[in-house]
Number of protein chains: 2
Amino acid sequence: MTEPESVAARYFASLDGRDWEALRRLLAEDVVYEMPQTRERIVGRERFVRFNQEYPGAWRLTTRRVVTEGRHAAAWVESRTGDQRQDACVWLDFDESGSIVQIVDFWPEAYEPPPGREHLVERF
Amino acid sequence: MTEPESVAARYFASLDGRDWEALRRLLAEDVVYEMPQTRERIVGRERFVRFNQEYPGAWRLTTRRVVTEGRHAAAWVESRTGDQRQDACVWLDFDESGSIVQIVDFWPEAYEPPPGREHLVERF
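Residues numbered from 1 in each chain as written. Chains lettered and ligands numbered in written order. Predicted model: local features only at pLDDT ≥ 70, side-chain atom pairs only at ≥ 80, totals over all residues. Heavy atoms only, no water.

- An unreviewed UniProt entry lists chain A under the name Nuclear transport factor 2 family protein, with Glycomyces endophyticus given as the organism.

1. So, the layout of surface pockets
Working step 1: Taken as a whole, the largest pocket spans an internal volume of roughly 800 Å³.
Working step 2: Together, 32 residues line the largest pocket, and B:Tyr55, B:Pro56, B:Trp59, B:Ser79 and B:Trp107 are the ones closest to its centre.
Working step 3: Looking at side-chain class alone, the lining of the largest pocket contains 18 nonpolar, eight polar and six charged residues.
Working step 4: The computed volume of the second largest pocket comes to approximately 630 Å³.
Working step 5: A:Tyr55, A:Trp59, A:Ser79, A:Gln86 and A:Trp107 are the residues nearest the centre of the second largest pocket, which is lined by 26 residues in total.
Working step 6: The residue inventory of the lining of the second largest pocket, partitioned by class, reads 17 nonpolar, five polar and four charged. (1 Å grid on protein atoms, 1.4 Å probe; cavity = no way out; pocket = protein on both sides within 12 Å on 5 of 7 lines; lining within 4 Å. Points joined across faces, edges and corners; volume = space filled by probe spheres on them. Nonpolar A, V, L, I, M, F, W, Y, C, P; charged D, E, K, R; others polar.)

2. What to know about the packing of aromatic side chains
Working step 1: Summed over the entire model, instances satisfying the criterion amount to 13 aromatic pairs over all chains.
Working step 2: An angle of 35° between the planes, with centres 6.1 Å apart, marks the rings of A:Trp91 and B:Trp76 as tilted. Of this pair, A:Trp91 sits in strand E5 (residues 84-94) while B:Trp76 is found in strand E4 (residues 72-81), placing the two residues in two different chains.
Working step 3: With centroids separated by 4.7 Å and ring planes inclined at 45°, the aromatic side chains of B:Tyr33 and B:Phe48 adopt a geometry described as tilted. In this pair, B:Tyr33 is assigned in strand E1 (residues 27-35) and B:Phe48 in helix H3 (residues 45-54), connecting sequence segments 15 residues apart. Neither B:Tyr33 nor B:Phe48 differs from the other in exposure class; each is buried.
Working step 4: Among the aromatic side chains, those forming a connected cluster through ring pairs are A:Trp76, A:Trp91, A:Phe106, B:Trp76, B:Trp91 and B:Phe106.
Working step 5: Stacked on the ring of A:Trp59, the Lys or Arg A:Arg18 has its end atom at 3.8 Å from the ring centre. (Phe/Tyr/Trp six-rings, centres within 6.5 Å; stacked < 30°, edge-to-face > 60°. Helix = DSSP H or I, 4+ residues; strand = E, 2+ residues; numbered from the N terminus. Buried < 20%, exposed > 50% of the residue type's maximum accessible area, 1.4 Å probe, protein only. Lys NZ or Arg CZ within 6 Å of the ring centre and 35° of its normal.)

Here you go:
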């Protein structure tokens, strides 16, 4: 496991396990967290840890896919809260010491497909 | 540029340019395309090309980030239709010949943030 792969794996494990000390150790002090869907940004390790501490719900995370290249990683994560399931796509950047300096989260929500493509599509 | 990086770049360029022949050349005949948000699946190259040919709107695509590792790639793509902007997160798998055998698309939509985290967050 390369260093960014290991850091990415520990990042999701620390969030899943609510291990805030482990999470802090992976983050640069000036880490920037962005959610483009809501145009929200959190700057700094302590604010980001607090955001997660305060985030409601007994969510559990499972990584479906992690792709790592150089100082970049992309992860497809499944979050479950009770019987509710939600995918996330997460983009991580690492600094030269291997700490996470940027996180971009997307939380795509389920919706019903528009009409007109039933001749090409099956549902699962 | 490694082969999967090149294929990923040409995939988005062919979609952006509506170059259906170029797109066909990148796809395995039994390619599977999935959109987990709508639980829709398209099986087979010709159906997938037709889906794109029929997709409404004069969309243009720009890749914001592509991360490639072995036979997997992840891409953060920006789609613009007129003055409307929409991000996509795309997961590509390649077969041993370098053809694309699986595509998973997420299209996360903009929404207003829930209340309660204003003390941690700035808007952009």
